[in-house]
Structures are given as C-alpha cells and as structure tokens.
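# Structural description and commentary
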Amino acid sequence: MPLVEEGVVHNEITDLVIKRYLERVKAEKVGTVILGCTHYPVLADDIRKYLGRVNLVESGEVLTEELKGLNLVS
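Residues numbered from 1 in each chain as written. Predicted model: local features only at pLDDT ≥ 70, side-chain atom pairs only at ≥ 80, totals over all residues. Heavy atoms only, no water.

## Brief notes about the side chain of Thr-14
By the element assignment, Thr-14 lies in helix H2 (residues 12-27). Taking the relative accessible area as the measure of exposure, Thr-14 reaches 1% and is therefore buried. Not counting chain neighbours up to four residues away, the residues in contact with Thr-14 comprise Leu-3, Val-8, Val-9, Leu-43 and Asp-46. (Helix = DSSP H or I, 4+ residues; strand = E, 2+ residues; numbered from the N terminus. Buried < 20%, exposed > 50% of the residue type's maximum accessible area, 1.4 Å probe, protein only. Contact = heavy atoms within 4.5 Å.)

## Concerning H2
Helical geometry: 3.6 residues make up each α-helical turn, so side chains three or four residues apart lie on a common side. If you look at H2, its biggest bend is around 55°, right at Tyr-21. For H2, the complete set of buried residues consists of Thr-14, Ile-18 and Leu-22. In the core, the buried residues of H2 are packed alongside helix H1 (2-5) and helix H3 (44-51). Two or three places before Ile-13, at the start of H2, stands the capping residue Asn-11, its side-chain oxygen 2.8 Å from that residue's backbone nitrogen. Downstream of H2 by one or two residues, Lys-29 has phi in the positive range, about 55°. (Bend = angle between axes of the 7 residues up to and from the residue. Polar contact = N/O pair within 3.5 Å; in protein donor to acceptor, adjacent residues only side chain to side chain.)

Structure follows, in structure tokens:
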C-alpha cells in the first residue's frame, strides 16, 4: 500500500516487494488471487508479470457488483 501511495510502481523496487510477498503463492501455483486492498489493482500488471497465468479478482469490483444486487448503488 505505501508503494502505491508514494507512486513507486512498475519498477525494480515494486518487483522485489512483489517477489518477497508472493513467492510462496507462485511456488504453490495458485490459480486465483484476490486483491483484497483497493491499492492492489494498481499493481495488477506487475503481479501478473511475476505470477504468470493467474486470475486476479479485484475486491472493489466484486463489492460493487454485490451492492448493485442489493440495489444500494446504481
């Protein structure tokens, strides 16, 4: 989150941090990753680059669809 807020994205620092936090996910060959923070979609391309073929689910999109179903948003 701090990287995104400081505009440190799409570079070698971002790549190192993604590797550090997602190396176990990559090793387990996880097929779907839920981006549980609204900041993470900014890093989606970098995450895909590191993990390879993976389905990324953006929590904001899922929440919006659920709220639409409840008629709380248009």
